[in-house]
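Structural overview
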Amino acid sequence: MQLTFLDKMRAIFALARLGVTTRFRFGGAYWVWRNETAFGTTRSDVATQSRFSWRSQTQAVLEYGAWVARMRQLMK
């Protein structure tokens, strides 16, 4: 999925808002769950994740942020 500049800015804002909401506790319940659902829990799942480039992982995070922003907009 190709994100526009505006989509990327909304994604960054949504991710920052999510970080503030969770007080940036990346070891907390939400972020542990989010990491497990995104990358798996077994050693082989994590090894598979490391094969992806930094760029593709960043793109995936931005797409998730854009999705969060769209879901928040739909809830209004």
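So, a few notes on the structure that sits alongside this text. A quick note: this is a predicted structure, and the numbers were derived from the prediction, not measured. (Residues numbered from 1 in each chain as written. Predicted model: local features only at pLDDT ≥ 70, side-chain atom pairs only at ≥ 80, totals over all residues. Heavy atoms only, no water.)

Take the overall build of the chain next. A count of helices and strands for the chain gives 4 helices and 0 strands. Along the chain, from the amino end to the carboxyl end, the secondary structure elements read α-α-α-α. Restricting to contacts in the chain with at least 6 residues of sequence separation, those with at least 24 account for 67%. Working note: accessible area of the chain is about 6200 Å², and carbon and sulfur atoms make up 62% of it. (Helix = DSSP H or I, 4+ residues; strand = E, 2+ residues; numbered from the N terminus. Contact = heavy atoms within 4.5 Å. Areas by Shrake-Rupley, 256 points an atom, 1.4 Å probe, with all protein chains shown as cover.)

Here we take up a nonpolar patch on the surface. Together, Phe5, Met9 and Ile12 line one region of the surface with nonpolar side chains, adding up to about 320 Å² of accessible area. Within the element layout of this structure, Ile12 appears in helix 1 (residues 5–21). (Patch = residues over 30% accessible without salt bridge, like charges linked within 9 Å, V, L, I, M, F, W, Y side chains within 5 Å. Salt bridge = Lys/Arg side-chain N within 4 Å of Asp/Glu carboxyl O.)

Looking now at helix 1. Across its 17 residues, helix 1 extends 24 Å between first and last C-alpha, which sits within 8% of the 24 Å expected from 1.5 Å per residue. For helix 1, the set of buried residues is Ala11, Ala14, Leu15, Leu18 and Gly19. Along helix 1, the residues classed as buried sweep out an arc of 140° about the axis, all on the same side. Facing away from the buried side of helix 1 by over 90 degrees, the exposed positions are Phe5, Phe13 and Val20. Along its buried surface, helix 1 packs onto helix 2 (29–39) and helix 4 (54–75). Residue Arg23 follows helix 1 closely and has a positive phi angle near 55°. (Expected span 1.5 Å × (residues − 1). Buried < 20%, exposed > 50% of the residue type's maximum accessible area, 1.4 Å probe, protein only. Arc of directions from axis to C-beta.)

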